There are 2 protein chains.
Amino acid sequence: MPIIKKTYKDQVVGHVYQLLLTGELAPGDQLKESLLAAEMGISRAPIREAMKELIMNGLVDYRPQVGNFIPVLSPKQIIDSYTTRGVLEGYAVMSTFEQFADEEIGKLENLTAQMESYAKKKNHKMVVEVGGEFHDLLISKNDNVQLLEYTDRLSLKLHIQFCRHWSKLYSPVEIGQRHRAIVESLRLKDPTRIEMVVREHYVETGTKIAEL
Amino acid sequence: MPIIKKTYKDQVVGHVYQLLLTGELAPGDQLKESLLAAEMGISRAPIREAMKELIMNGLVDYRPQVGNFIPVLSPKQIIDSYTTRGVLEGYAVMSTFEQFADEEIGKLENLTAQMESYAKKKNHKMVVEVGGEFHDLLISKNDNVQLLEYTDRLSLKLHIQFCRHWSKLYSPVEIGQRHRAIVESLRLKDPTRIEMVVREHYVETGTKIAEL
DNA sequence: CGGCTGGGTAATGTCGACAGTCGACAAAAG
DNA sequence: CTTTTGTCGACTGTCGACATTACCCAGCCG
């Protein structure tokens, strides 16, 4: 989420993010250029520029000669996206497992406990925030620009698609189990296991979301 | 490479592909909108549309307020891209290894032999073509749309970036060894090994290209 | 009654012109 | 001679208008 808003295009992107996060735009809705343009008091040109960026990040579906729509993901597409994310991030963590100091692993454990705690209190906003911190720390060691480009895109796409359903998703027990499994595998310093665990974590998450 | 060219935008994309493949555009070159527009007898609007698509596929670098450039990849970026491709395709093949019938594995072996043969004759065009066939058959079983989107992008990006250097790259012996290793692992039906071998294949290719 | 046809509407696709911004060079100040 | 500032050119960013295409629905025909 860019903070700087130099060109109109960037402002449009930010505006659409808001519409998506607040739920004013639901999957299946069409983003009409003239409407957005009128809404923001600018012409359609920067809107079109912004659309391309949103399409690039998978936040908008483009149908030629028809328009831009908020994607409606089928269960298979959801699982596919999460699986792909799992494959990429599993590798990202695995390939850097030696760089995790004991104190950082401790921090990961700490974050897991926080998530459990927030989940028990049904404070979903904080669960997501701490979860993001956990995730960021986990892949922070990797510097493969190509891989990061893809994981960032997927992360943002899935975040925006499903932020609405977080509250229905998390049981404190599962959250604890899953994240602890990742931390444990890191502690064991077993690369194969690390990759597998992270991968499964995302596949399970995807399967769960696909069910609702 | 889309064959249908309905809108001007698609024609522009195709045109730029040609410029890239023929080497008329070299890494570092700027794609000037007005120039392309004049060249094709259209306005800048569809050019800009096409640029966004090319940027999306990683074929063009975008620098705000400055312009669009053919990317100059650093050795690290090259290795990163190939590694990422290896991670994705390694998983794609691994997760579908059971679907390869003996006859298809035979075909893969056959294609490998063809590549060796063409490589010996220094017929690089055919090496690449048969190599593409090998690659397509290898991931044809996978139907993860998200994963395929990324592998396709990477495949196209790397193809266009390095098509110029193919002739310097391939030694018949290496081609045979590498591809045969993949076929063998498939025959063994050992998923872990399959994933590893495919991954390494791409990492090695990337390392090799990064060196020149 | 169902399917096809055609016109109207509303959206995207394209256009040419103008405004804003960056980079380079040159002139002036220290 | 070095540094700063001003100016210029070329490119991207934005605009409003026009062209084209897809969708909807009414009316016709089988």
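Residues numbered from 1 in each chain as written. Chains lettered and ligands numbered in written order. Predicted model: local features only at pLDDT ≥ 70, side-chain atom pairs only at ≥ 80, totals over all residues. Heavy atoms only, no water.

Engineer: Lay out the sheet that holds strand β3 (residues 67-69) of chain B with the relevant residues and their values.
Structural biologist: Residue and element names in this part refer to chain B. Judged by pairing direction, the sheet is antiparallel, and its three strands sit side by side in the order β1-β3-β2 without closing on themselves. In the strand order of this sheet, the two ends are held by β1 (30-31) and β2 (61-63), each with one partner. As paired elements, β1 and β3 share two bridges and run antiparallel to each other. Across the sheet, L31 pairs through a bridge with N68, a residue of β3. (Pairing = 2+ DSSP bridges. Helix = DSSP H or I, 4+ residues; strand = E, 2+ residues; numbered from the N terminus.)

Engineer: I'd like a rundown of the protein's contact with DNA strand D, residues and numbers included.
Structural biologist: Close contacts around DNA strand D come from 22 residues, with A:Y8, A:S43, B:R44, B:R48 and B:Y62 the closest. Near the protein, within 4 Å, the atoms of DNA strand D are sugar or phosphate in 73% of cases. At 2.8 Å from a phosphate oxygen of DNA strand D is found a main-chain nitrogen or oxygen belonging to A:Y8. A total of three residues in the surface near DNA strand D trace back to one element, the largest contributor, which is helix α3 (residues 44-56) of chain A. Classifying every residue of the surface near DNA strand D by side-chain character gives eight nonpolar, six polar and eight charged. (Near = heavy atom within 4 Å. Polar contact = N/O pair within 3.5 Å; in protein donor to acceptor, adjacent residues only side chain to side chain. Nonpolar A, V, L, I, M, F, W, Y, C, P; charged D, E, K, R; others polar.)

Engineer: Talk me through the relation of the copies chain B and chain A; I want residue IDs and the actual numbers.
Structural biologist: By a simple turn and slide, chain B fits onto chain A: the slide is 0.0 Å along the axis, the RMSD is 0.1 Å, and the turn is 180 degrees. Given the turn and translation reported, the copies of this chain are related as if by a two-fold rotation axis. (Least-squares fit on C-alpha atoms with pLDDT ≥ 70 in both.)

Engineer: Break down the interface of chain B and chain A for me, citing the residues and quoting the values.
Structural biologist: Taken together, the contact between chain B and chain A spans 30 residues of the former and 30 residues of the latter. Surface buried jointly by chain B and chain A totals about 2,600 Å² across both partners, of which 55% is contributed by carbon and sulfur atoms. Where chain B touches chain A, the interface holds eight salt bridges. Across the salt bridge formed by B:R48 and A:E49, the nearest N and O atoms sit 3.2 Å from each other. Inspection of the chain B/chain A interface yields 20 residue pairs in polar contact (both at pLDDT 80 or more). Looking at the side of chain B that touches chain A, the elements that each hand over two or more residues are α3 (44-56), α4 (75-94), α7 (145-162) and α10 (191-211) of chain B. With ten residues, α4(B) is the largest single contributor of residues to the side of chain B that touches chain A. Partitioned by chemical class, the residues of the side of chain B that touches chain A number eleven nonpolar, eight polar and eleven charged. (Contact = heavy atoms within 4.5 Å. Buried area = accessible area lost by both parts, 1.4 Å probe. Salt bridge = Lys/Arg side-chain N within 4 Å of Asp/Glu carboxyl O.)

Engineer: Account for the packing of aromatic side chains, naming residues and giving values.
Structural biologist: One pass over the full model with this rule turns up three aromatic pairs over all chains. Between A:Y150 and B:Y150, the ring centres sit 4.0 Å apart and the planes meet at 5 degrees, which makes this aromatic pair stacked. Here the residue A:Y150 occupies a position in helix α7 (residues 145-162), and B:Y150 occupies one in helix α7, the pair thus bridging two chains. Residue B:Y150 is classed as buried on the basis of its relative accessible area, which comes to 3%. A cation over a ring is seen here: B:R63 above B:F69, with NZ or CZ 4.7 Å from the ring centre. (Phe/Tyr/Trp six-rings, centres within 6.5 Å; stacked < 30°, edge-to-face > 60°. Buried < 20%, exposed > 50% of the residue type's maximum accessible area, 1.4 Å probe, protein only. Lys NZ or Arg CZ within 6 Å of the ring centre and 35° of its normal.)

Engineer: Give me the lowdown on the confidence of the model for chain A, citing residues and values where you can.
Structural biologist: Taken as a whole, chain A shows an average pLDDT of 91; of its residues, 98% reach a score of 70 or greater. Least confident of the elements in chain A is helix α8 (residues 166-169) of chain A, whose mean pLDDT is 78; most confident is helix α4 (residues 75-94) of chain A, at 97. (pLDDT = per-residue confidence, 0-100.)

Engineer: Please give an account of the packing of helix α1 (residues 8-21) of chain A against α3(A) that cites residues and values.
Structural biologist: All names here are of chain A. Between α1 and α3, whose axes approach to 8 Å, the crossing angle comes to 60 degrees. Comparing the axis directions of α1 and α3 gives the class oblique. The hand of the α1/α3 crossing is right-handed. Every residue of α3 that contacts α1 at Y8, K9, D10, V12, V13, V16 and Y17 is listed here: P46, I47, E49, A50, M51, E53 and L54. Taken together, the residues of the contact of α1 with α3 sort by class into ten nonpolar, no polar and four charged. (Axes fitted to C-alpha atoms, helices over the stretch in contact; angles between N-to-C directions. Parallel < 35°, antiparallel > 145°, perpendicular 65-115°, else oblique. Left-handed = near helix turned anticlockwise from the far one by under 90°.)

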